[in-house]
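Fold and contact review
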Protein chains: 2
Amino acid sequence: MKRLNENQNGPTIGVFDSGFGGLTVLRALLPLVPAAHYIYLGDTARLPYGSKSRETIARYAVSSARYLEDQGADLLVIACNTATALALDDISSACDVPVVGVIAPGAQAALETVGTPKAAKILVLATAATVQSHAYREACDALGLVATEKACPLLVPLLEEGWTDHPVTRDVLRIYLTEALSEVSPDAVLLGCTHYPLIAGAIEAMLRELGSNARVIDSAEATAQAVARKLNEVGFTHSTSDQTPATFQCIATDSVEKFANLGSGFLGRPIPAVELLDLGG
Amino acid sequence: MKRLNENQNGPTIGVFDSGFGGLTVLRALLPLVPAAHYIYLGDTARLPYGSKSRETIARYAVSSARYLEDQGADLLVIACNTATALALDDISSACDVPVVGVIAPGAQAALETVGTPKAAKILVLATAATVQSHAYREACDALGLVATEKACPLLVPLLEEGWTDHPVTRDVLRIYLTEALSEVSPDAVLLGCTHYPLIAGAIEAMLRELGSNARVIDSAEATAQAVARKLNEVGFTHSTSDQTPATFQCIATDSVEKFANLGSGFLGRPIPAVELLDLGG
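Let us look at the structure shown here. Predicted model, so just to flag it, every value in this text is computed and none were measured. (Residues numbered from 1 in each chain as written. Chains lettered and ligands numbered in written order. Predicted model: local features only at pLDDT ≥ 70, side-chain atom pairs only at ≥ 80, totals over all residues. Heavy atoms only, no water.)

1. Notes on the environment of Ala61 of chain B
Residues and elements named next belong to chain B.
- As for its position among the elements, Ala61 is in helix α2 (residues 54–70).
- On a C-alpha basis, the gap between Ala61 and Val15 in space is 12 Å, while along the polypeptide they are 46 residues apart.
- Contacts of Ala61, omitting those with residues within four sequence positions, involve Phe16, Tyr49, Ala83, Ala87 and Ile91. (Helix = DSSP H or I, 4+ residues; strand = E, 2+ residues; numbered from the N terminus. Contact = heavy atoms within 4.5 Å.)

The structure is reproduced here in structure tokens:
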């Protein structure tokens, strides 16, 4: 059963994350590709992905991606760094529509920020699973950037609790960034988890407190631009001047009320209704 | 395919938790019921349970319990407060063998600690899902105790990171306990999550720092005693003087290496090998 594309003239875009962090990517997409219908799926029953193994993450992500394709998605956005790092190839193989991840656009945004690629040093903050995959190191290396990857496993639980502006979150940031800056003096800091944009300001303030002038880069905007380019490539024309407003629906595999409450902070607008979906397991 | 009971004369006891916190219960069981074979199952692919909905927790817990029964368990120990609070009835209905949870034994241990039940005040520290179920309030109420339940959602992520003796964990404890003590002056504090015994000392120290003399109660020992009683009821005689040492095997649905490394701290002895199990989903 396909879902109705409420935006008949534009594409249906499936956006997937383990939770609601990927809503920061949807937030960047809505103004850039407005003439589209978005289906956002948060696999909240099985989060967090960041502490799990590659095999488990790939199984979860592929089943979620296939669901979105079955619902009529013309393009899939994997708005989750962990799923992109560990399962982008599995998802692309399992689906017939184009798939855009967040890591290559993030690395590209880092390149554009530092201006010159000549061994510029990028500090990547991410979950344990994303760091262990070294997907960012490889993506940066391909662009002539040198990445240092730092796992920040407690940030997602803290943000899922809503402790965005909290002394404990600042203490945890201070610990993680002090450890990272003892290894590298970065030219830029790339947020390698879609939860982290919510504390981009706190991360920048802590970098300054610790004596670093590195700029903070959020891959959400760069990912939205990559989606716009891919839509053009596959023949969907769009224009930001299109008068049709984007439409979207949100689906979660658990805790739909928490999703609606906390998710609106990530999306930057109220989330009217969240549907509950059972993907099994 | 049933697993071999390596302890032919004794029962096979299945112990289940969402992760490795329940190993604190297995640790209490091994000396108390030594003439048994234990199968410990940690559903690490789907943890944490504490932030998920009742329906999802019940589905996960029942599939895990059924697996243990299929492997030949004569008795099941639900060594997870969240699963006990939200799914003990579902598990008991789905299985043919006796099922022992951790909440009733924990409330009983609280009663024995305070000595007199006359409206003694018990502070229960637990996950968000356990608190929302009010299972402890009901179990305490049945014994004439008055329970105040306090959700401590960040403790499990902190302990899963190994931050057992860490200033951030103490800061988080100070915040949670200050909030709780502003509502109640407890006679005893009951650890309503099998992860928390690992920081029982830090919890007691923080209570003293905040001016409380409440004793800290761990339900692991009380649960082990309930298991011993239940085994006698159903006809398995056992004796702690039995010369046959207990045997055990550990199974996890993900991240078996992390389970072996961090789990040994909870069990209090090395974990030789952890088998990987796919429960689907």
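Now that the structure is up, let's keep going.
2. Quick notes on the packing of helix α2 (residues 54–70) of chain A against helix α3 (residues 81–94) of chain A
Residue and element names in this part refer to chain A.
- Where α2 meets α3, the closest approach of the two axes is 8 Å, and the angle between their N-to-C directions is 55°. With respect to α3, the axis of α2 lies oblique. Here α2 and α3 pass one another in a crossing that is right-handed. Facing α2, whose interface residues are Arg54, Ile57, Ala58, Ala61, Val62, Ala65, Arg66 and Glu69, α3 presents Thr82, Ala83, Leu86, Ala87, Asp90, Ile91 and Ala94.
- For the contact of α2 with α3, the residue count by class is 10 nonpolar, 1 polar and 4 charged. (Axes fitted to C-alpha atoms, helices over the stretch in contact; angles between N-to-C directions. Parallel < 35°, antiparallel > 145°, perpendicular 65-115°, else oblique. Left-handed = near helix turned anticlockwise from the far one by under 90°. Nonpolar A, V, L, I, M, F, W, Y, C, P; charged D, E, K, R; others polar.)

3. A short note on the sheet that holds strand β6 (residues 146–151) of chain B
All names here are of chain B.
- Overall, parallel pairing links the 4 strands, which are arranged β6-β5-β7-β8 in an open sheet. Taken across any chain shown, the strands that pair with only one partner, and hence form the sheet edges, are β6 and β8 (215–218). Within this sheet the neighbouring strands show an average axis-to-axis angle of 25°, counted without direction.
- As paired strands, strand β5 (residues 121–126) and strand β7 (residues 188–191) are joined by 4 bridges and run parallel to one another. Of the residues in β7, the one forming a bridge with Ile122 is Ala188.
- Of the strands in this sheet, β5 and β6 are in contact with helix α8 (residues 167–181), which crosses β6 at around 145°.
- Sheet strands touched by helix α9 (residues 200–209): β5, β7 and β8. Its angle to β8, the strand with the most contacts, is close to 155°. (Pairing = 2+ DSSP bridges.)

4. Quick word on the sheet that holds strand β4 (residues 99–100) of chain A
Residues and elements named next belong to chain A.
- Strands sit in the order β4-β3-β1-β2-β9-β10 across an open sheet of 6 strands; the sheet is parallel. Looking at strand neighbours, the two that pair on one side only are β4 and β10 (274–276), the edges of this open sheet.
- Both strand β9 (residues 247–252) and β10 contribute to a ladder of 3 bridges, which runs parallel. Among the inter-strand pairings, Cys250 is bridged to a residue of β10, identified as Val274.
- Contacts from α3 reach β1 (12–17), β3 (75–78) and β4 within the one sheet, and its direction differs from that of β3 by about 160°.
- Those strands touched by helix α11 (residues 256–267) are β2 (37–42), β9 and β10, and its axis lies near 145° from that of β10.

5. Side note on the state of the cysteines
- Following the criterion strictly, the structure yields 0 disulfides over all chains and no others.
- Between Cys250 of chain A, a free cysteine, and Cys80 of chain A, which holds the nearest cysteine sulfur, the sulfur-to-sulfur gap is 16 Å.
- Residue class for Cys250 of chain A comes out buried when judged on its relative accessible area of 1%.
- The cysteine Cys95 of chain B is free of any disulfide, with Cys80 of chain B supplying the nearest cysteine sulfur at 15 Å.
- Here Cys95 of chain B falls in the buried class, since its relative accessible area comes to 6%. (Disulfide = S-S within 2.5 Å. Buried < 20%, exposed > 50% of the residue type's maximum accessible area, 1.4 Å probe, protein only.)

6. What about the interface of chain A and chain B?
- Listed by partner, the interface residues are 30 residues for chain A and 30 residues for chain B.
- Both faces combined, the contact of chain A with chain B buries some 2,300 Å², and carbon together with sulfur accounts for 59% of it.
- Linking chain A with chain B are 2 salt bridges.
- The salt bridge partner of Arg59 of chain B is Asp278 of chain A, with a shortest N-O separation of 3.6 Å.
- Summed over the shared surface of chain A and chain B, the number is 10 residue pairs in polar contact (both at pLDDT 80 or more).
- When contributions to the side of chain A that touches chain B are tallied by element, the ones reaching two or more residues are α2, α7 (155–160) and α8 (167–181) of chain A.
- It is α8 of chain A that contributes the most residues to the side of chain A that touches chain B, 5 residues altogether.
- Broken down by class, the residue content of the side of chain A that touches chain B amounts to 13 nonpolar, 9 polar and 8 charged. (Buried area = accessible area lost by both parts, 1.4 Å probe. Salt bridge = Lys/Arg side-chain N within 4 Å of Asp/Glu carboxyl O. Polar contact = N/O pair within 3.5 Å; in protein donor to acceptor, adjacent residues only side chain to side chain.)

7. Here's the deal with the relation of the copies chain A and chain B
- Between chain A and chain B, which share one sequence, the superposing operator has a rotation angle of 180° and an axial displacement of 0.0 Å; the RMSD is 0.0 Å. Considering both components of the superposition, the chain copies are consistent with a two-fold axis.
- In this assembly, 100% of the residues forming the interface of chain A have copies in chain B that are likewise at the interface, indicating an isologous arrangement. (Least-squares fit on C-alpha atoms with pLDDT ≥ 70 in both.)

8. Quick notes on the layout of surface pockets
All names here are of chain A.
- Each pocket or cavity is described by its volume, and for the second largest pocket that value is around 380 Å³.
- Those elements that place two or more of their residues in the lining of the second largest pocket are α3, β4, α4 (103–114) and α10 (219–233).
- Looking at which element gives the most residues to the lining of the second largest pocket, the answer is α3, with 7 residues. (1 Å grid on protein atoms, 1.4 Å probe; cavity = no way out; pocket = protein on both sides within 12 Å on 5 of 7 lines; lining within 4 Å. Points joined across faces, edges and corners; volume = space filled by probe spheres on them.)

9. With respect to the packing of aromatic side chains
- Following the criterion strictly, the structure yields 12 aromatic pairs over all chains and no others.
- With a centroid separation of 6.2 Å and 55° between ring planes, the pair formed by Tyr176 of chain A and Trp163 of chain B is classed as tilted. In this pair, Tyr176 of chain A sits in helix α8 while Trp163 of chain B sits in the loop between α7 (155–160) and α8, so the two residues belong to two different chains. Both residues of the pair, Tyr176 of chain A and Trp163 of chain B, count as buried.
- By way of ring pairs, the aromatic residues Phe20, Tyr40, Phe259 and Phe266 of chain A are connected into one cluster. (Phe/Tyr/Trp six-rings, centres within 6.5 Å; stacked < 30°, edge-to-face > 60°.)

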